Amino acid sequence: MNEDNRMMSVEKLDETSMEIDSNSSTKVERANTELPTNAAAAETSAEETTIQQEPVNVFIDDIEMTPGSAEPDKENEVASNGKTIESSIIDMEDETRKRPASPSNNDVLEKKSKLENENSLSLESSNVERSSAAPLDSSADNAAAGDSTTQQINIGYEGLESSIAKIIQEKLEPLGEDITPLRPLSLRDLGMFYSALSLSKHCTFLTMHFDVLYSKAELENSLQLGDKYDYSEDDGWKKDWSGNLHLFEKDVVVNSGYATKHSGIQPFKLPFYEYVAKSSAENQGLRGLELLFAYVYHTNGCPAMARKILAHALSKPSKSNEQRLDFIIDAIRRITYDPAVLKEDGWITKKAETPQGAMGGAHLIGKRIIWQRHDAVIIAFTPDETWGSLWKALWIEDLDTFDLEADEVKEALIKYEKKQARLQKKAATNTAVVVAGSTRKQATAKYLVPGIEHGIVLALSARSKGVLWPARILHVSEMTTSYSGSSVSLNSCVFSTSRYVEYCLIQEHIYHSTHQRRNSTPTKAQVQVVFLAPFWNGNQNASTAAMASDPFSLGPYFEVDTIDVTDVTIKKYPFDSFSVEDIQSQFRFLGLPQAVLSRFLDANRLAMALKVYARKHVSLNYLPGDEDAFASASLTGSHAMSVLAPIFPAAVLGLPYEFILKQLPRANEHASALIDNDETAAESVIDIKSIIDSMTPPSCFGKKQGTNGTSLAPLSPDRSQKAKIIMSPLPNFTPLSQDSECVDDSIWSISNFASTLLVELFETSQTSNLFSLSNLVQTMNSLLMQMKDLTAKFDDFDNKKRKEELSEILRQCLLIKGHGEDVLSSSTLPPDSSRATITTEWRKACERIYKRAVDKLRFKGGGNGHTTVISDTRCNGHITAENAYERPVRLPAAIKGAKQAGAGTDPNVLLVNSVQDMYVGLAENKVIPKAHQRSYVKRLKSAISAITDESTGVQLTDDSEGEGGDDTKGSRGSYTAATVGVAAALQAVDMVVRGETVNAFCATRPPGHHAGRELHPMKAVSNGFCLFNAAACAAIYAATPQSQGGLGLRRVCIVDFDLHHGNGTQDILCNTHDPRFLYVSMHVGGAHINGFEVDGDESFHLPGTYGKTTEGIFPGRCGDTSPHEGVLNIPLGNRIKSSDVGTALVSQVVPKVEAFCPDLIILSAGFDAHVNDPLGMGGLTAADFGHVTDVVCQLAHKTCSGRVISVLEGGYGVPCCRPRTDIFLPEGETETLMDLGDDLPANMPDSVTNAWLRQKLNKCHAEGFMDCVKEHCLGLIRFNSNKRK
């Protein structure tokens, strides 16, 4: 046999005909057709008699390679015992067949049989076809399973309501009797087989039997298990059969080899079942999943009925791999609730006549419960004296199962009873009763996304890795259409995954697709969407994708999907225009490989093009909120958004978008520079209307239309220019650099700062009787002339005089800005003028003057391009309790993080180590009393003054009711520390507004955003480590009129990115709507976490907010909703993810803040959402906090010349800094401590004796609180670095 034949791949061997001649040898025939009488024994035999090998990967991702592509090992041509390969294999098969079941296996079978006898199923009258639970390959297992072949499908559970039993019954498909058993996996070294291929006399034998001898090594490599992949034990083989079965959804890396060879390429993961489906050719089946099923099939303890379901899923005829995957997933789900499977696995499915034990045991089977706010039913019970009994329950709507312990069952029963009591009460009072039923995954029928009339949204695909992606909602008329004259439903379209396919829809709708998701026809709670340029379909062929430099751009530009309509799966599309920088900022939070950026940019380009076209050229079917839209949706059996979505013309949907997008520059080809004004370089939108017009006569003939309707000369394309950068024209205003010379007075003209619209209005005011506007123009001109004169003599001033002159100019500029807003709000404007637009342009003009001032009037050691970090050692006097989260070492850790970013060493990053006493007095006497009620301040001051000098960790904010408040503790120095923290924020505001620094970070403690006007702000159970609210105090000081000792700013925005909602800040500033303040918070929580009252149902009412208990996430429901337009609360669930933060920033925070147009942005900077923080509810990295800072700084640059101050809030991931004194370590063993160097005061304690907390904190050595502070400060510094360039 030649070398090529010896190197035949596994795939070729699998495709080879396996027909066995009837005259074949007895041993060969037996090896292929007979299976052991006991599956468990067979597996044991195989493990004991086969040889382990180094795993060989069948699904190689870097190059197309199969196990057969390796050079055969000549040494393995003869087995170690001297026998030939053929005889060794046959002998092993013989030995496996003859070996009896081991005693342990017999014990298992005996136990199964006993359990079946105790809980035998009683027959019910039904004509439903009977199903068999008998095993396919073992007479012993047949006996163990009992005579289940004669039982009916719907009698597996006793005690269920008939309606629920019917739902389950309909899902239990009859399996039949002629199901081919799954063959066992072999542990033989594949090298033996390849070597054997070199022996020509054995080739026929091995070719016939290769696919019989499945390789466990192949499966392990496919699943990426074992030491080779350096995975933890949690990612390895499970001890039970069901755990191994659910490895089908384990994430596997599909481009590991390419990512290893090319730096900057991040690993891309897919669920195992999806990876197998994509990497398998249509005629080869789903080999990886078949191997997994075979492994589970022959695992000890796998129930006979489960084996039958697995085998049925693989033997049932299918038309495609897509349909086969449906069968496999349905089989896995069925195994979790099939009564025969549960019985054989040790569960009791028959309801006991009397209660058993304290909770009732099997007597609870059939009981209705509510779990996670959704209706469910208990279907099985298993006793366990060691670990505690378990009850298996099933959500009624989708048949998903879950297990409950005794206390959880009790809670679930109580909730259901309360709900029923409420319904009965309503019925007794003739109130309309809501029919009880499952609401799990139920969509809101009247939920509408703002902007739905344009058809573009952000939607969540099951394959988008939790990322909301631009999509177009299909109109109801597009959901069932025809193709080439024949009826084709979108839900039944399955096209080749190897190329781009176009198909036509009736009613002149054209749509592109290459892959249709497995969905049923949309219900009234669902919509069909077209995902635009999705990244997840790019690796249609695994090997091709792995070798591509950009594997995410290989797939089609459109994909249709059916999704539930909820406020989680569909959100408003955030852009009306965007720059590439905007897209890059959002992309940083998505957690996707950098290679996806180009696809993300294309998706947004398509979204903007379609949105703009719909807005300008598509007539509305209905207005949003129109009741006729809901009526039409009801008649068509669809969701209202499918009715409200626009109907795009066929020509629009049929454009060659792939070609168009490929002509545009990629993300890395764009110029990325910070323009030193209030505008950003917005990318031009693809003009679909112009493209359509160019394809119609006379343009399609190369001619253009004349003014009189005649055709002019053919158009001559200009081939000499090729656009590389697409940007909007730059604004008229550009601040001059310090070295620029003023050649004339024109640079101080108003026209250099005001827009054309504003200049025309000012010119009109000179000729009209608009005296107020005329005076406004004179005031601005006066300020500009003052700046001009000051610039001429500025070099003659000393540094102190320069600071004073700049401060005065900026004070006047902001004063004029506020005065102009008042004038414009009360003046009579021309009839065709928009007051809001003119006011916005006025604000921009004033900020441009502010920028010119800080650029031209510079001084040494501060001003433009500088960042300042402010701290004070007096904050170290706040000493909390032992094992507290909020430890004193947080402050030196924050200072060290700031220093690592450049504070104190970079000449442009100032480090202020002490707060001026004047600000301490201002804080204590003027500002704190405005933020907190005097009774609160007095009570806190009294409690602290009573603490002795030696006492630490004393409770500070207790209440007379004794319910909560004990988490906020301190010492004798706590009052001073909190006051100095507020003073630092006031000093930072002064420095920023007066031009001494562009932005500032206050490294102080204790935190403050949970401290409100009084104790328990917004019904919270405690103060959450907080004493005085520095962020709120800074906002009050900035917005207080200059005549009252403040800075006179008109609008201040607080952006809070701490893990928890800043209830204290909202309580102080936004208890009622105050137009001076906007509070924005992104935090853990939400109605689905903290609970909410549904139609008075107390079972959904968690009293953690409005009653004083600790249920829900602190501080409670106050952050779940936004009470008025001055508050934007964004709850992000029970764990904060970077993608959620990025989406919230771009889609909600940025538009809201831009519309508010603040004069100052204050950051409540909490870093407890970090993935290693001991609170354990965060998923962000340190880099994510830097990205948040970047976005806010860019936002501040557009609205308020970059004025940002940041105040430290939470964040507790500081590893232990002092050795433990309560234990003795063995000689030579040391603790791992964080070295803060000189930043850690010699007398600062750090006692953490709790082993659990120390373990959590040790994770922060890799990355923790200090790294977050560093990245945050770098974000502030980056903004100033860009300005200096």
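The text that follows walks through the structure, step by step, so that each part is easy to find.

What counts, and at which threshold
- Residues numbered from 1 in each chain as written.
- Predicted model: local features only at pLDDT ≥ 70, side-chain atom pairs only at ≥ 80, totals over all residues.
- Heavy atoms only, no water.
- Helix = DSSP H or I, 4+ residues; strand = E, 2+ residues; numbered from the N terminus.
- Buried < 20%, exposed > 50% of the residue type's maximum accessible area, 1.4 Å probe, protein only.
- Contact = heavy atoms within 4.5 Å.
- Axes fitted to C-alpha atoms, helices over the stretch in contact; angles between N-to-C directions.
- Parallel < 35°, antiparallel > 145°, perpendicular 65-115°, else oblique.
- Nonpolar A, V, L, I, M, F, W, Y, C, P; charged D, E, K, R; others polar.
- Pairing = 2+ DSSP bridges.
- Right-handed = clockwise from strand over helix to strand, strands pointing away.
- Left-handed = near helix turned anticlockwise from the far one by under 90°.
- Disulfide = S-S within 2.5 Å.
- Phe/Tyr/Trp six-rings, centres within 6.5 Å; stacked < 30°, edge-to-face > 60°.
- Lys NZ or Arg CZ within 6 Å of the ring centre and 35° of its normal.
- Salt bridge = Lys/Arg side-chain N within 4 Å of Asp/Glu carboxyl O.

Right, let's get into the overall build of the protein. Secondary structure assignment for the protein yields 42 helices and 29 strands. Across the 1285 residues that make up the protein, the buried fraction comes to 54%. Excluding contacts between residues fewer than 6 apart, the proportion of contacts in the protein whose partners are at least 24 apart in sequence is 75%.

Now for the packing of helix α16 (residues 304–315) against helix α17 (residues 321–337). Closest axis-to-axis distance for the α16/α17 pair is 8 Å, and the angle between their directions is 170°. With respect to each other, α16 and α17 are oriented roughly antiparallel. Only Arg 324, Phe 327, Ile 328, Ala 331, Arg 334 and Ile 335 of α17 make contact with α16, whose side of the interface consists of Met 305, Ala 306, Ile 309, Leu 310, Ala 313, Leu 314 and Ser 315. Here the contact of α16 with α17 is composed, by residue class, of 10 nonpolar, one polar and two charged.

Next up on the list: the sheet that holds strand β5 (residues 368–371). In spatial order, the strands read β5-β6-β7-β8; together these four strands make up an open sheet with antiparallel pairing. Strand pairing shows two members of the sheet lacking a second neighbour, β5 and β8 (401–404), which therefore form its edges. Pairs of neighbouring strands in the sheet enclose a mean axial angle of 45°, with direction left out of account. Of the pairings in the sheet, the one linking strand β7 (residues 390–395) to β8 comprises four bridges and is antiparallel in character. By the bridge assignment for β8, Lys 392 is matched with Asp 403.

Moving on, we get to helix α15 (residues 287–297). Among the 11 residues in α15, 10 count as buried, and that is most of the element. Inspection of α15 places Arg 287, Gly 288, Leu 289, Leu 291, Leu 292, Phe 293, Ala 294, Tyr 295, Val 296 and Tyr 297 among the buried residues, and these make up the whole buried set.

The next thing to look at is the pairing of strand β26 (residues 1077–1083). Counting buried positions along β26 gives seven out of seven residues, so the element sits mostly inside the fold. Neither face of β26 is left uncovered, since the one carrying Phe 1077, Tyr 1079, Ser 1081 and His 1083 and the one carrying Leu 1078, Val 1080 and Met 1082 both have all their residues buried. Pairing of strand β25 (residues 1052–1056) with β26 involves five bridges; the strand directions are parallel. By the bridge assignment for β26, Ile 1054 is matched with Tyr 1079. Handedness of the crossover joining β25 and β26 through helix α37 (residues 1063–1069): right-handed. Note that β26 and strand β27 (residues 1127–1131) share five bridges and pair parallel.

Turning our eyes to something else, we now look at the packing of helix α35 (residues 974–993) against helix α36 (residues 1030–1039). Across the interface, α35 lies against α36 with an axial gap of 9 Å and an inter-helix angle of 40°. It follows that α35 is oblique to α36 by the angle criterion. Between α35 and α36 lies a crossing whose hand is right-handed. Seen from α35, the contacting residues are Gly 981, Val 982, Ala 985, Leu 986, Val 989 and Asp 990; seen from α36, they are Ala 1030, Cys 1033, Ala 1034, Tyr 1037 and Ala 1038. For the contact of α35 with α36, a count of residues per class yields nine nonpolar, one polar and one charged.

Moving on, we come to the state of the cysteines. Taken as a whole and judged by the stated rule, the model has zero disulfides. Not engaged in a disulfide, the cysteine Cys 1053 finds its nearest cysteine sulfur in Cys 1200; these two sulfurs lie 8.8 Å apart. Overall, the relative accessible area of 0% leaves Cys 1053 in the buried class.

Here the residue pair Pro 697 and Pro 698 is connected by a cis peptide bond, since its omega of 0° sits within 30 degrees of zero. In this structure, Pro 698 sits in the loop between α27 (688–694) and β18 (703–705). One non-glycine residue, Ala 533, lies in the positive phi region at around 45°. Note that Ala 533 resides in the loop between β15 (526–532) and α20 (542–547). Given the relative accessible area of 0%, Ala 533 is considered buried. Positive phi, normally seen in glycine, also occurs at Phe 1025, with a value near 75°. Along the chain, the position of Phe 1025 falls in the loop between β24 (999–1003) and α36. Classification of Phe 1025 as buried rests on a relative accessible area of 18%.

This part takes up the sheet that holds strand β29 (residues 1204–1208). In space, the eight strands of this open sheet follow the order β21-β20-β24-β29-β28-β25-β26-β27, with parallel pairing throughout. Lying at the two open borders of the sheet, with one neighbouring strand each, are β21 (909–912) and β27. Taking the axes of each pair of neighbouring strands and ignoring which way they run, one obtains an average angle of 15° across the sheet. Where β24 and β29 come together, four bridges link them in parallel fashion. Opposite Phe 1001, over in β29, you have Ser 1206 as the bridge partner. The strands touched by α36 are β25, β26, β28 (1160–1165) and β29; relative to β28, the strand with the most contacts, the crossing angle is about 170°.

Take the packing of aromatic side chains next. Overall, the coordinates contain 23 aromatic pairs when judged by the stated rule. Note that Lys 316 overlies the ring of Phe 327, its terminal NZ or CZ placed 4.3 Å from the centroid. Directly above the ring of Tyr 557 sits Arg 599, whose terminal nitrogen or CZ lies 4.5 Å from the centroid.

Attention now moves to the pattern of salt bridges. Pairing between side chains of opposite charge can happen when their charged atoms approach one another. Counting across every chain of the model gives 41 salt bridges. A salt bridge links Asp 990 to Arg 994; its shortest N-O distance comes to 3.4 Å. On the accessibility criterion, Asp 990 (2% relative accessible area) is buried. Residue Arg 994 is classed as partly exposed on the basis of its relative accessible area of 33%.

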